[in-house]
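Observations on the model geometry
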Amino acid sequence: MAFDNIAMDIMLFHNPRCSKSRATLQLLEDRGHPPEIVRYLDDPPSEETIRELLSLLGFAPRELMRKGEAVYTELELDDPSLSEDQLVRAMHENPILIERPIVIAEGQARIGRPPESVLEIL
């Protein structure tokens, strides 16, 4: 999934069970920016897509991970010896680990925490 072709479109990596994700979707729609919705838990992003997200966000892999998820502890992902590839693979195989929501617009990305933070890239 290459994000450089969506210069005028808005994409939302969305988990409808997450209140912040729902609030971000509502905010975008209220501002007249209905996004393309990616339900990443149903269709996990590829490792390449996760790397693109990391690049757009300017994050290292652990910065995109939900460290409070049980699977983070179970897989011992806090181990400093794990490589970037291992962490990206863990997010691909366990997409619940990916922080949400993520909005991509104008070749940039933001985490919607708080939801209003995504407005700076619209």
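Here goes a summary of the coordinates provided.

Let us look at the overall build of the protein. A tally of regular secondary structure across the protein gives 4 helices and 4 strands. Of the regular secondary structure in the protein, the N- to C-terminal order runs β-α-β-α-α-α-β-β. Here the C-alpha atoms of the protein give a radius of gyration of 14 Å, agreeing with the 14 Å that 2.2 N^0.38 yields for 122 residues. Along the first, second and third principal axes, the C-alpha set of the protein runs to 45 × 30 × 25 Å.

Within the secondary structure, Arg100 sits in the loop between α4 (84-93) and β3 (102-105). No salt bridge is formed by the buried Arg100; the nearest opposite charge belongs to Glu69, separated by 4.4 Å. Those residues in contact with Arg100, other than ones at most four positions away along the chain, are Phe13, Asn15, Cys18, Tyr40, Arg66, Glu69, Ile111 and Arg113.

Next up on the list: the pattern of salt bridges. A full pass over the atoms with the stated rule returns 8 salt bridges. Residue Arg113 is joined to Glu99 by a salt bridge in which the shortest nitrogen-to-oxygen separation is 2.8 Å. Here Arg113 is found in the segment after β4 (108-111), whereas its partner Glu99 is found in the loop between α4 and β3, with 14 residues between them in sequence. Judged by its relative accessible area of 34%, Arg113 falls in the partly exposed class. One salt-bridge network, in which partners are shared between bridges, spans Glu47, Arg51, Asp85 and Arg89.

Okay, helix α1 (residues 19-30) next. Every α-helix winds through 3.6 residues per turn, so residues three or four apart in the chain are directed the same way. Compared with the 16 Å implied by 1.5 Å per residue over 12 residues, the 16 Å span of α1 between its first and last C-alpha is a close match. For α1, the elements touching its buried residues are β1 (11-13), β2 (36-38) and β3. Backbone geometry just downstream of α1 places Gly32 in the positive-phi region, at approximately 80°.

Before going further, it helps to spend a moment on the nonpolar core. One broad rule of soluble globular proteins: the nonpolar side chains tend to lie buried together. Counting residues in hydrophobic clusters, the biggest one holds 23 residues, and the most contacted among them are Phe13, Leu64, Met65, Leu97 and Ile102. Where this core is concerned, the elements lending two or more residues are β1, α2 (47-57), α3 (70-74), α4, β3 and β4. Among the nonpolar cores identified, the runner-up in size contains 9 residues, and Leu12, Leu27, Val103 and Val118 belong to it.

Checked against the element boundaries, Ser55 lands in helix α2. Sequence separation of Ser55 and Gln108 is 53 residues, and the distance between their C-alpha atoms is 9.2 Å.

Thresholds applied
- Residues numbered from 1 in each chain as written.
- Predicted model: local features only at pLDDT ≥ 70, side-chain atom pairs only at ≥ 80, totals over all residues.
- Heavy atoms only, no water.
- Helix = DSSP H or I, 4+ residues; strand = E, 2+ residues; numbered from the N terminus.
- Rg over C-alpha atoms; globule rule 2.2 N^0.38 Å.
- Buried < 20%, exposed > 50% of the residue type's maximum accessible area, 1.4 Å probe, protein only.
- Lys, Arg positive; Asp, Glu negative; His and termini not counted.
- Salt bridge = Lys/Arg side-chain N within 4 Å of Asp/Glu carboxyl O.
- Contact = heavy atoms within 4.5 Å.
- Expected span 1.5 Å × (residues − 1).
- Core = buried A, V, L, I, M, F, W, Y, C linked by side-chain atoms within 4.5 Å.

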